[in-house]
Amino acid sequence: MGTEHSKNEGRRRMGFLRKGPKLPAWEDALLSGKEPKSLLKRGLRYVSLSLIMKGMTSAPDFLWGLPEVQKLNLSRNQLVVIPPSLGKMDRLVVLNLGDNCLKTLPKEIGLLRNLKVLFVNMNCLTEVPAELSLCRKLEVLSLSHNRLSQLPLSLTDLTSLRKLNLSNNRFVHIPLCIFTLRSLDFLHLGSNRLENIAESVQHLVNLQIFIVENNKIRTLPRSLCFLTALELLNVDYNAIQTLPDDLYLLRRLPRIAWNPMDKGLHIAHNPLTRPLPEVIEGGLDVLFSYLKEKKEHN
């Protein structure tokens, strides 16, 4: 009886594999004669599927028949497009599409209403679909290392967003929608083409880490000094000549920082006018005392 059951099970699996068109070689190798569900990992909290570094040029069709997946990693492949079928995976909480060749995202990404974490870094994106704003639970978004120069205004609806990485893109100005994201505690805009920081930055009252290194910024706005939750401010490698007198209000900055990972004020490699370079050598307390005294005498 057990032997007969095993034979029937074997026939059923073979029948599954014979259905539909012939699979691409890489997809066939991925399954290795197994059912797609066998690739899932069921943890205590999430059902996960990792297809990292599989040499994929397109997403396998069997994915869209696995709506129970909550964490999906398709990073470090050669994906050129993600089909509209992505919208079927509406239980996704974490989606990693990093390090592929994507030029666009499907508008159906807006159907992923449970999505909290989205990585699309290291791709070829030139735009972001407005429908992404429908992912209202999104907390972490990385769009670094793309070709973006603007964001849709609709992203103002991402009121739960806490961490946003837009580094290594083509932004000349900080997108207006960002200044409405008051839950942000991390904002990375390093290695863009920023020429200034708008006064509206003062609305990001919960910001703790703000990185704008390697841009073309000439001055820091006075309103930046009202972000008193800041613990790391990195303006290295810009064209800054002077500092706002009210910078001493940023009391949570612990030091003048030199290591990229350290909290504090990163101000290196700027053409600061004298005596600022000498003052900074004395440390942050000396700098703050100098700026405060300078303000009192003005």
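To be clear, the structure that these remarks concern was listed above.
We now turn to the structure provided with this report. These numbers come from a predicted model, not from an experiment.

Digging into the environment of Q241
Step number 1: With respect to the helices, strands and loops of the structure, Q241 is situated in the loop between β10 (232-234) and β11 (264-266).
Step number 2: Note on Q241: relative accessible area 38%, which makes it partly exposed.
Step number 3: Each C-alpha atom of the pair Q241 and L220 lies 9.5 Å from the other, and the pair is 21 residues apart in sequence.

Quick word on the side chain of D185
Step number 1: Note on placement: D185 falls in the loop between β7 (163-165) and β8 (186-188).
Step number 2: D185 gets classed as buried once you look at its relative accessible area, which sits at 13%.
Step number 3: When sequence neighbours within four positions are dropped, the list of residues in contact with D185 reads R162, K163, N206, L207, Q208 and I209.

Here we look at helix α4 (residues 284-297)
Step number 1: End to end, α4 covers 20 Å across 14 residues, agreeing with the expected 20 Å (1.5 Å per residue, within 8%).
Step number 2: Along α4, the residues that are buried comprise L284, L287, F288 and L291. For α4, the angular spread of buried residues about the axis comes to 95°, placing them on one side. Relative to its buried face, α4 has exposed residues pointing more than 90 degrees away, namely D285, E296 and H297.

Focus: the pairing of strand β2 (residues 47-50)
Step number 1: A one-sided burial pattern is seen for β2, the buried positions being V47 and L49 and the unburied ones S48 and S50.
Step number 2: Note: strand β1 (residues 41-42) against β2, 2 bridges, orientation antiparallel. Residue R42 lies in a different strand from β2, and its bridge partner there is V47.
Step number 3: Turn length for the β1-β2 hairpin, with the two strands adjacent in sequence and antiparallel, is 4 residues.
Step number 4: Inspection of the sheet shows β2 paired to strand β3 (residues 71-73) by 3 bridges, in the parallel sense.

Quick look at the pattern of salt bridges
A side chain of one charge can pair with a side chain of the opposite charge when the charged atoms of the two come close.
Step number 1: Evaluated as defined, the whole model comprises 11 salt bridges.
Step number 2: The partner of R136 in a salt bridge is D157, and the shortest N-O contact between them spans 3.6 Å. Of this pair, R136 sits in the loop between β5 (117-119) and β6 (140-142) while D157 sits in the loop between β6 and β7; the two residues are 21 residues apart in sequence, bridging distant segments of the chain.
Step number 3: The exposure class of R136 is partly exposed, given its relative accessible area of 42%.
Step number 4: On the basis of relative accessible area, D157 is assigned to the partly exposed category, the value being 32%.
Step number 5: R274 is the partner of E278 in a salt bridge, and the nearest nitrogen-oxygen pair spans 3.2 Å.
Step number 6: Exposure remark for R274: the relative accessible area of 70% places this residue in the exposed category.
Step number 7: One connected set of salt bridges, linked through shared partners, spans E139, R162, K163 and D185.

Parameters at a glance
- Residues numbered from 1 in each chain as written.
- Predicted model: local features only at pLDDT ≥ 70, side-chain atom pairs only at ≥ 80, totals over all residues.
- Heavy atoms only, no water.
- Helix = DSSP H or I, 4+ residues; strand = E, 2+ residues; numbered from the N terminus.
- Buried < 20%, exposed > 50% of the residue type's maximum accessible area, 1.4 Å probe, protein only.
- Contact = heavy atoms within 4.5 Å.
- Expected span 1.5 Å × (residues − 1).
- Arc of directions from axis to C-beta.
- Pairing = 2+ DSSP bridges.
- Salt bridge = Lys/Arg side-chain N within 4 Å of Asp/Glu carboxyl O.

All quantities given are derived from atomic positions and should not be read as evidence of function.
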